[in-house]
Amino acid sequence: MRRQFSVAAAVAVAAASALLPIAAADATARPATAVRAAATTAPPWYLALGDSLAAGYQPGAGDDKTGGYVGGVLAHLKQTEPGVQLENLACSGETTITMLNGGRCRYPEGNQVDAAVAFLKDHPHISLVTLDIGANDVQTCATPTGIDLKCVTQGMQDITKNLPNIMAKLRAAAPHARIVVANYYNPFLAAWLLGNDGQTLAKASVTLQGQLNGIIDAAGKAVGAPRADVANTFSSTDFTDLVEVKPYGELPLNVARICEWTWMCSQQNIHANDAGYAAMATSVIAAIPAAPPTTPTSPAPPSSPTSPPQSTTTSRATTTGTVTSATTGPPIITDGGTGASNDAVLVGAGVAAIGAAAVAGGAFARTRRRRD
């Protein structure tokens, strides 16, 4: 274009200097028109971010980045945007720390947040961004010998500090995008099956689930990102309504949801099954705004202390590891290797619930007597 302009200008000068402004105006108008046309014809994108739930992890199969709840959400988007494409950058085992600093999965940009920011800047036509993150920050606080309360406290502080930072970076990169942040279900409710002590622990876990999901809710609100209320879809606080679940018998509704929608009761694995991922997709779809925000939301400064459709992404294989819970007895199956920071919603929610109970007094003393 510069060469074309130079030739046009030289000819114009030789012929009549009055023609130079016309030639210049034509030269500058073309690239602007081309840019607008390219933006109009570019396909919309759905960007999925987070941990193993966003990666669609299934025990024995690894990640399915076109499946899980992300696949259900994509299928919904395609009903009104047939050309929408998926970019799933989720990383099984990701914490809020590794999402910002890297170290869990490999990205050319160094970490998942920077990879997301780069993608958002390169693809201005974004239909939706979804995120779930935070549970892994506290799951390593469970060891075969007990619960590290300092670890629980530090993990919650990390989430409180890092999640607003993550949300702010995403919003700054996509000021007008629809962003939905999902909270967590509570697989630790499966402890109900272990008898009286397990039922006490299951009830105590609800306190921490509320704390963790409260942090997620606040971080989303700060940047105009509505919450996908997965916890409510899983009836996480409903101990009153009773349902029959084979082969466990009559269970409270919230416990039944965990047994029916995750692998926790059958395999001691915290991840959702097909029914659970479909339920999560329903939560996300219900939270999607009808239209993107018309004006950018100013990010708050970081605080201190269903069938999977086709897409353009590639799944990463994930190994399976085992972490023993000192409070429930049976092994808790997570998606990372031995010693890794695994994506354990059960361990994260349950362990932190014990820590919260210890601060409040009472419940932790009762659970400690159950150590195996």
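Small disclaimer: the values here were computed from a predicted structure and weren't measured.

Caption draft 1: Expanded view of the overall build of the protein. In terms of regular secondary structure, the protein is built from 14 helices and 13 strands. Across the 372 residues that make up the protein, the buried fraction comes to 51%. Per element, the accessible surface of the protein, about 16,100 Å² overall, is 56% carbon and sulfur.

Caption draft 2: Region of interest: the packing of aromatic side chains. The final tally for this structure, using the stated rule, is four aromatic pairs. Pairing Tyr185 with Phe234 gives two aromatic rings, centres 4.6 Å apart and planes at 15°, and the pair type is stacked. Of the two residues, Tyr185 is situated in the loop between β6 (179-182) and α8 (196-222) and Phe234 in the loop between α9 (230-233) and β8 (242-245); the sequence distance between them amounts to 49 residues. With respect to class, Tyr185 is no different from Phe234; both count as buried. Put simply, the rings of Tyr185, Phe234 and Trp261 pair up and form one aromatic cluster.

Caption draft 3: Quick look at the nonpolar core. Of all hydrophobic cores here, the largest spans 84 residues; its most connected members are Tyr46, Leu49, Tyr69, Val73, Leu131, Met167 and Met280. Excluding its chain neighbours within four sequence positions, the residues that come into contact with Met280 are Leu53, Tyr69, Tyr185, Val230, Phe234 and Ala272.

Caption draft 4: Geometry of the pairing of β6. Judged by which residues are buried, β6 turns out to be covered on both faces: Ile179 and Val181 on one side and Val180 and Ala182 on the other are all buried. Bridging between β6 and strand β7 (residues 227-228) involves two bridges; their strand directions are parallel. Each bridged residue has a counterpart across the sheet, and for Val181 the counterpart in β7 is Arg227.

Caption draft 5: Summary view of the state of the cysteines. Using the criterion set out here, one finds two disulfides in the structure. What pairs with Cys91 in a disulfide is Cys105, and their sulfur atoms sit 2.1 Å apart. Between Cys91 and Cys105, the S-S torsion sits near 85°, and that sign places the bridge as right-handed. Here Cys91 is found in the loop between β2 (85-88) and α4 (96-101), whereas its partner Cys105 is found in the loop between α4 and α5 (112-122), with 14 residues between them in sequence. Paired through a disulfide, Cys259 and Cys265 show a sulfur-sulfur distance of 2.1 Å. Measuring the twist about the S-S bond at about -70°, one finds the Cys259-Cys265 disulfide to be left-handed.

Caption draft 6: Examining the pattern of salt bridges more closely. Across all of its chains, the model carries four salt bridges by this definition. For Glu81, the salt bridge goes to Arg178, with nearest N and O atoms at 3.8 Å. Pair noted here: Glu81 is in the loop between α3 (68-80) and β2 and Arg178 is in the loop between α7 (149-173) and β6, with a separation of 97 residues, a long-range link. Judged by relative accessible area, which is 11%, Arg178 ranks as buried. Here Arg227 and Asp229 are joined by a salt bridge, their closest N and O atoms 3.6 Å apart.

Caption draft 7: Structural detail: the sheet that holds β7. On the basis of which strands lie adjacent, the open sheet formed by five strands has the order β2-β1-β3-β6-β7 and parallel pairing. On the outer flanks of this sheet lie β2 and β7, each paired with one strand and no other. Against the sheet, α5 contacts β1 (45-50), β2 and β3 (126-132), and its axis sits at roughly 170° relative to β1.

Caption draft 8: Broad picture of unusual backbone geometry. Note that the residue after Lys246, namely Pro247, is joined by a cis bond; omega there is 0°. Mapping Pro247 onto the fold places it in the loop between β8 and β9 (249-252). Notably, Gln268 is not glycine yet its phi reads approximately 55°, a positive angle. With respect to the secondary-structure elements, Gln268 resides in the loop between α11 (264-267) and β11 (269-272).

Caption draft 9: Highlighting the packing of α7 against α8. Where α7 meets α8, the closest approach of the two axes is 8 Å, and the angle between their N-to-C directions is 25°. Taken together, the axes of α7 and α8 are roughly parallel relative to one another. Both α7 and α8 take part in a crossing whose hand is right-handed. Here α7 contributes Met156, Ile159, Thr160, Leu163, Pro164 and Met167 to the contact with α8, which in turn contributes Leu208, Gln211, Leu212, Ile215, Ile216, Ala219 and Gly220.

Caption draft 10: Representation of the side chain of Asn111. Take Asn111: it is sitting in the loop between α4 and α5. Looking at Asn111, its side chain comes within polar contact range of the main-chain nitrogen of Asp114, at 2.7 Å. When sequence neighbours within four positions are dropped, the list of residues in contact with Asn111 reads Thr98, Met99, Leu100, Asn101 and Gly102.

Caption draft 11: Up close: the environment of Thr130. You can see Thr130 is positioned in strand β3. C-alpha separation for the pair Thr130 and Val180, spaced 50 residues apart in sequence, amounts to 4.8 Å. Looking at Thr130, its side chain comes within polar contact range of the side chain of Tyr46, at 2.9 Å.

Scoring rules and cut-offs
- Residues numbered from 1 in each chain as written.
- Predicted model: local features only at pLDDT ≥ 70, side-chain atom pairs only at ≥ 80, totals over all residues.
- Heavy atoms only, no water.
- Helix = DSSP H or I, 4+ residues; strand = E, 2+ residues; numbered from the N terminus.
- Buried < 20%, exposed > 50% of the residue type's maximum accessible area, 1.4 Å probe, protein only.
- Areas by Shrake-Rupley, 256 points an atom, 1.4 Å probe, with all protein chains shown as cover.
- Phe/Tyr/Trp six-rings, centres within 6.5 Å; stacked < 30°, edge-to-face > 60°.
- Core = buried A, V, L, I, M, F, W, Y, C linked by side-chain atoms within 4.5 Å.
- Contact = heavy atoms within 4.5 Å.
- Pairing = 2+ DSSP bridges.
- Disulfide = S-S within 2.5 Å.
- Salt bridge = Lys/Arg side-chain N within 4 Å of Asp/Glu carboxyl O.
- Axes fitted to C-alpha atoms, helices over the stretch in contact; angles between N-to-C directions.
- Parallel < 35°, antiparallel > 145°, perpendicular 65-115°, else oblique.
- Left-handed = near helix turned anticlockwise from the far one by under 90°.
- Polar contact = N/O pair within 3.5 Å; in protein donor to acceptor, adjacent residues only side chain to side chain.

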